[in-house]
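This is what each chain is made of:
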Amino acid sequence: IGDNTRIVASFVGKNCKIGKNVELSGCHLLAGVSIADGVKIYSSMLSDNVCVEENATVLEGCLVGSNVVIGQGHTVPAFSRISMMKQVHEDSDSDEELETPSNVDDEDSSTINEEEVSWDVALVGKTGRGLAWSTKNSESRKEWRRYSIAPAFAQLEAISNDIFDAKGNANSDDDESEDSNDSDEDLELDPEEVFHSEVRETFLRCVKERFDQTNALIELNALKIAEDRTFADCARFIFTTIVGLCFPAPKTVSKEYKDLYASESLDVSDKTLRATFLKHLRSLLQEWGNLLQRFLKNEDDQVELLLTFEEYCSDD
């Protein structure tokens, strides 16, 4: 374990190598995992002989299969599942069929002809090795989130800090009756809200760290692939995040991004504030418009974005 490395509530298996300035929180590392300098991993499980290269990040709820390589500087989206085996999708709703690996030589199932494999670069990075394992329908994705390795509060905090505190405990201000003792299993998470939160956090990180737009596109496209969403879904939430930057930060935004938002509320009766708002919005659209355009593939996507903007404006 290298210098200045922080390991909290994590299990580290035999023969693991962990570099300098690494942050591990709520992680399970099996045998032979190699973590390079500057890596951050949150609430995820890494199987045998996984390699995470310099300055990469693995967000919460990820399962990374044996021998997978996460490329240098790459961020793995939350709740991703990555394997060296190619997933076979059948026309069946059976989980067993959804997670059947492709045919590999019986003599050594770990040997893969890398020349014949196109690694999921958007998920593991340019220097990474691995393939996405996704669920076939939205109901399965919701179940995967609810019962993932990530603690419940990591999923809930992105949806409503008004209901749950940082430790996952319900706030006492609610007017619920005393006999309302619902467990986390009874709580239904809205996949739309969770995906919205993930797009927003990813985009805000790109803004804060001043990512090149090509890299920002890779990050957001990886999230789209991991969640099996459409380009229009990404465009809608990128756009509402851009508009939202012209207002004070909502409570559900991470503290590290609050300084990106406007410092005061918009008073529509004040012409000066209106002009400042429009100027700010115009500058953001000029800066990030090209990125937004990459997710608007056709006229239908543009119409959906306009409808989203209309709904956003009508929302109190």
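Residues numbered from 1 in each chain as written. Predicted model: local features only at pLDDT ≥ 70, side-chain atom pairs only at ≥ 80, totals over all residues. Heavy atoms only, no water.

S.K.: Pulling in residues and values, what's your account of the overall build of the protein?
M.R.: A count of helices and strands for the protein gives nine helices and 17 strands. Of all 316 residues assigned to the protein, the portion counted as buried reaches 39%. Contacts in the protein between residues at least 24 apart in sequence constitute 44% of all its contacts with a sequence separation of at least 6. On the protein, roughly 18000 Å² of surface is accessible, and the fraction owed to carbon and sulfur atoms is 46%. (Helix = DSSP H or I, 4+ residues; strand = E, 2+ residues; numbered from the N terminus. Buried < 20%, exposed > 50% of the residue type's maximum accessible area, 1.4 Å probe, protein only. Contact = heavy atoms within 4.5 Å. Areas by Shrake-Rupley, 256 points an atom, 1.4 Å probe, with all protein chains shown as cover.)

S.K.: So what's going on with the packing of aromatic side chains? Which residues, and what values?
M.R.: Counted according to the given criterion, the structure contains five aromatic pairs. With centroids separated by 5.9 Å and ring planes inclined at 65 degrees, the aromatic side chains of Phe-195 and Phe-237 adopt a geometry described as edge-to-face. Of the two residues, Phe-195 is situated in helix H5 (residues 191–208) and Phe-237 in helix H7 (residues 231–244); the sequence distance between them amounts to 42 residues. Grouping residues by exposure puts Phe-195 and Phe-237 together as buried. Cation over ring: Lys-224 sits above Phe-231, and NZ or CZ is 4.3 Å from the ring centre. (Phe/Tyr/Trp six-rings, centres within 6.5 Å; stacked < 30°, edge-to-face > 60°. Lys NZ or Arg CZ within 6 Å of the ring centre and 35° of its normal.)

S.K.: Which residues make up the confidence of the model for the protein, and what are the values?
M.R.: Mean pLDDT over the protein: 77, with 72% of residues reaching 70 or higher. Of all the helices and strands in the protein, strand S16 (residues 100–101) carries the lowest mean pLDDT, 40, while strand S9 (residues 51–52) carries the highest, 97. Within the model, the stretch residues 90–111 combines pLDDT values under 50 with 30 contacts to residues more than four positions away or in other chains. (pLDDT = per-residue confidence, 0-100.)

S.K.: Before we move on, can you summarise the packing of H5 against H7 with the specific residues and values?
M.R.: Running from amino to carboxyl end, H5 crosses H7 at an angle of 60 degrees, the nearest separation of the two axes being 9 Å. Relative to H7, the element H5 is oriented oblique. The handedness of the crossing between H5 and H7 comes out as right-handed. Contacts between H5 and H7 involve Glu-192, Phe-195, His-196, Val-199, Arg-200, Phe-203 and Leu-204 from the former and Asp-233, Cys-234, Arg-236, Phe-237, Ile-238, Thr-240, Thr-241 and Ile-242 from the latter. Across the contact of H5 with H7, the residue classes tally to eight nonpolar, three polar and four charged. (Axes fitted to C-alpha atoms, helices over the stretch in contact; angles between N-to-C directions. Parallel < 35°, antiparallel > 145°, perpendicular 65-115°, else oblique. Left-handed = near helix turned anticlockwise from the far one by under 90°. Nonpolar A, V, L, I, M, F, W, Y, C, P; charged D, E, K, R; others polar.)

S.K.: Tell me about the nonpolar core, residues and numbers included.
M.R.: If you look at the biggest cluster of nonpolar residues, it comprises 31 residues, and the most contacted ones within it are Phe-203, Ile-238, Trp-288, Leu-291 and Phe-295. Elements with a contribution of two residues or more to this core: H5, helix H6 (213–227), H7 and helix H8 (271–294). Sort the elements by how many residues they give to this core and H7 lands first, with seven residues. Other than its neighbours up to four places away in sequence, Phe-295 contacts Leu-217, Leu-220, Asn-221, Phe-231, Ala-232, Cys-234, Ala-235, Ile-238 and Asp-301. (Core = buried A, V, L, I, M, F, W, Y, C linked by side-chain atoms within 4.5 Å.)

S.K.: Account for a nonpolar patch on the surface, naming residues and giving values.
M.R.: Together, Ile-1, Ile-7 and Val-12 line one region of the surface with nonpolar side chains, adding up to about 260 Å² of accessible area. When you line up the elements, Val-12 lands in strand S2 (residues 11–12). (Patch = residues over 30% accessible without salt bridge, like charges linked within 9 Å, V, L, I, M, F, W, Y side chains within 5 Å. Salt bridge = Lys/Arg side-chain N within 4 Å of Asp/Glu carboxyl O.)

S.K.: Summarise the side chain of Asp-120; cite the residues concerned and give the values.
M.R.: Residue position: Asp-120 is located in the loop between S16 and helix H2 (121–124). Buried charge Asp-120 goes without a salt bridge, the closest partner of opposite sign being Lys-224 at 10 Å. Beyond its immediate chain neighbours, meaning those up to four positions away, Asp-120 contacts Gly-125, Gly-130, Leu-131, Ala-132 and Ile-225. (Lys, Arg positive; Asp, Glu negative; His and termini not counted.)

S.K.: Describe the sheet that holds S9, listing the residues and the values that go with them.
M.R.: Read across the open sheet, the four strands follow the order S3-S6-S9-S12; overall the sheet is parallel. Taken across any chain shown, the strands that pair with only one partner, and hence form the sheet edges, are strand S3 (17–18) and strand S12 (69–70). Strand direction decides the pairing type here: strand S6 (residues 34–35) and S9, joined by two bridges, are parallel. If you follow Ile-35 over to S9, its bridge partner there is Val-52. (Pairing = 2+ DSSP bridges.)

S.K.: Break down helix H9 (residues 299–314) for me, citing the residues and quoting the values.
M.R.: Between its terminal C-alpha atoms H9 stretches 23 Å, which fits the 22 Å expected from 16 residues at 1.5 Å a residue. Those residues of H9 that fall on the buried side of the exposure criterion are Asp-301, Leu-305 and Thr-308. Down the axis, H9 shows its buried residues gathered within 60 degrees of arc, on one side only. Facing away from the buried side of H9, by more than 90 degrees, are the exposed residues Glu-299, Asp-300, Leu-306, Leu-307, Glu-310, Cys-313 and Ser-314. For H9, the elements touching its buried residues are H7 and H8. Measuring from the side-chain oxygen of the N-cap residue of H9 to the backbone nitrogen of Asp-300 gives 3.1 Å; that N-cap residue is Asn-298. (Expected span 1.5 Å × (residues − 1). Arc of directions from axis to C-beta. Polar contact = N/O pair within 3.5 Å; in protein donor to acceptor, adjacent residues only side chain to side chain.)

S.K.: Describe the pattern of salt bridges, and please don't skip the residues or the numbers.
M.R.: Inspection of the entire model under this criterion finds six salt bridges. Of the charged contacts, one joins Arg-6 and Glu-23 as a salt bridge, the two residues approaching to 3.6 Å between their closest N and O atoms. Separated by 17 residues along the polypeptide, Arg-6 in strand S1 (residues 6–8) and Glu-23 in strand S4 (residues 23–25) bring together distant segments of the chain. A relative accessible area of 22% places Glu-23 in the partly exposed class. Each of the salt bridges in this network shares a partner with another, and the network as a whole consists of Arg-229, Asp-233, Arg-236 and Glu-304.

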